[in-house]
Amino acid sequence: MSDQNPYEKLGVSEDASFDEIQDARNRLLAQDGGDGRTRELIETAYDAILMDRLKMRQEGKIKVPERIRFPEMRIPSPQQESPAPREQSPAWIQQILDQPSLPEILLPGAWYLGLSAIGLFIPPNNEQILQLTLLLGLGVSVYFLNRKENKLGRSVLLSLGGLIIGLIIGGLATTWLLQQIQLTSVSPNQFSAVVTFILLWLICSFLR
């Protein structure tokens, strides 16, 4: 049997299909009676045929089904560690937070930067202009929020909430912070307005 070519060892012709080759191999393995030497010869012949078919495929002479496994592919490759899944934020956070583009961040930022400059540089006793800038800041927030989701009512509520919270936070922090940085030219109301503008900018830029 050792003088035969691989096809003769399996009892198939050289133009046999892959199914015929595999059937012949399986039939001979079932008949080997547990003889290790015979099984080795059968497997060697089968591998030699597969290598011959692989060479023919690489030369473009035949098309090999994708399900055929060649001998060099039989050695299992070491399992690659799958990358650890990235932690995702909770669904409720994803529903309220937005991923704005750069213009969607910079455009409202430019508005609130201008309003903050107006609020800081007006005379401290001119409360009417300061109130006007706050109203304008509220309108800017409503506009940009409504432009995202086209939900005017929700945009108004979020903006009003941001205005109220900003004024509260600003009022609580004003006395302590102004004493620390010693800005005597800035009134508590002016500082509260700047804090409010920052909060409104965050709301209209990063909330849905």
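These remarks concern the structure in this document. Every value quoted in this text rests on a predicted model; they were computed, and no experiment measured them.

Looking at the overall build of the protein chain
A count of helical and extended segments in the protein chain gives eight helices and zero strands. Across the protein chain, helices and strands are ordered from the amino to the carboxyl terminus as α-α-α-α-α-α-α-α. The burial tally for the protein chain puts 30% of its 208 residues in the buried class. Sequence separation of at least 24 residues holds for 64% of the intrachain contacts in the protein chain that already meet a minimum separation of 6. Looking at the protein chain as shown, the accessible area adds up to about 14,000 Å², and 59% of this sits on carbon and sulfur atoms.

Digging into the side chain of S192
For S192, the position within the fold is in helix α8 (residues 188-206). Reaching out from S192, the side chain makes a polar contact with the backbone nitrogen of G171 at a distance of 3.3 Å. Setting aside chain neighbours within four positions, we find S192 in contact with G166, L167, G170, G171 and T174.

Some details on the side chain of Q190
Considering the arrangement of structural elements, one finds Q190 in helix α8. Using a relative accessible area of 1% as the deciding quantity, one classes Q190 as buried.

What to know about a nonpolar patch on the surface
There is a patch of nonpolar side chains on the surface, built from L107, W111 and L136 and spanning about 280 Å² of accessible area. Here L107 is to be found in helix α5 (residues 102-121). With a relative accessible area of 40%, L107 lands in the partly exposed category.

Here we look at the packing of helix α6 (residues 127-149) against α8
The geometry of α6 relative to α8 is characterised by a closest axis approach of 9 Å and an angle of 5 degrees between their N-to-C directions. Judged by the angle between their axes, α6 and α8 are roughly parallel. Of the residues in α8, those touching α6 at E127, L130, T133, L134, G137, L138, S141, F144, L145 and K148 are N189, Q190, A193, T196, F197, L200, I203, C204, S205 and F206.

Remarks on helix α2 (residues 18-31)
Look at α2: 20 Å from first C-alpha to last across 14 residues, which is about the 20 Å you get at 1.5 Å a residue. For α2, every residue scored as buried is listed here: F18, I21, A24, R25 and L29. Projected onto a plane normal to the axis of α2, the buried residues spread over an arc of 130 degrees and lie on a single side. Exposed positions of α2 whose direction lies more than 90 degrees from the buried face are A30 and Q31. Residues of α2 that are buried make contact with α1 (6-10) and α3 (36-58). Once α2 ends, the next one or two residues include G33, with phi positive near 65 degrees.

Quick look at the pattern of salt bridges
A pair can form between side chains of opposite charge whenever their charged atoms are brought close. For the structure shown, the criterion picks out two salt bridges. The shortest N-O distance in the salt bridge between R25 and E43 comes to 3.2 Å. Remark: E43 occurs in helix α3 and R25 occurs in helix α2; sequence separation between them is 18 residues. Looking at R25, the relative accessible area reads 18%, which means it is buried.

Thresholds applied
Residues numbered from 1 in each chain as written. Predicted model: local features only at pLDDT ≥ 70, side-chain atom pairs only at ≥ 80, totals over all residues. Heavy atoms only, no water. Helix = DSSP H or I, 4+ residues; strand = E, 2+ residues; numbered from the N terminus. Buried < 20%, exposed > 50% of the residue type's maximum accessible area, 1.4 Å probe, protein only. Contact = heavy atoms within 4.5 Å. Areas by Shrake-Rupley, 256 points an atom, 1.4 Å probe, with all protein chains shown as cover. Polar contact = N/O pair within 3.5 Å; in protein donor to acceptor, adjacent residues only side chain to side chain. Patch = residues over 30% accessible without salt bridge, like charges linked within 9 Å, V, L, I, M, F, W, Y side chains within 5 Å. Salt bridge = Lys/Arg side-chain N within 4 Å of Asp/Glu carboxyl O. Axes fitted to C-alpha atoms, helices over the stretch in contact; angles between N-to-C directions. Parallel < 35°, antiparallel > 145°, perpendicular 65-115°, else oblique. Expected span 1.5 Å × (residues − 1). Arc of directions from axis to C-beta.

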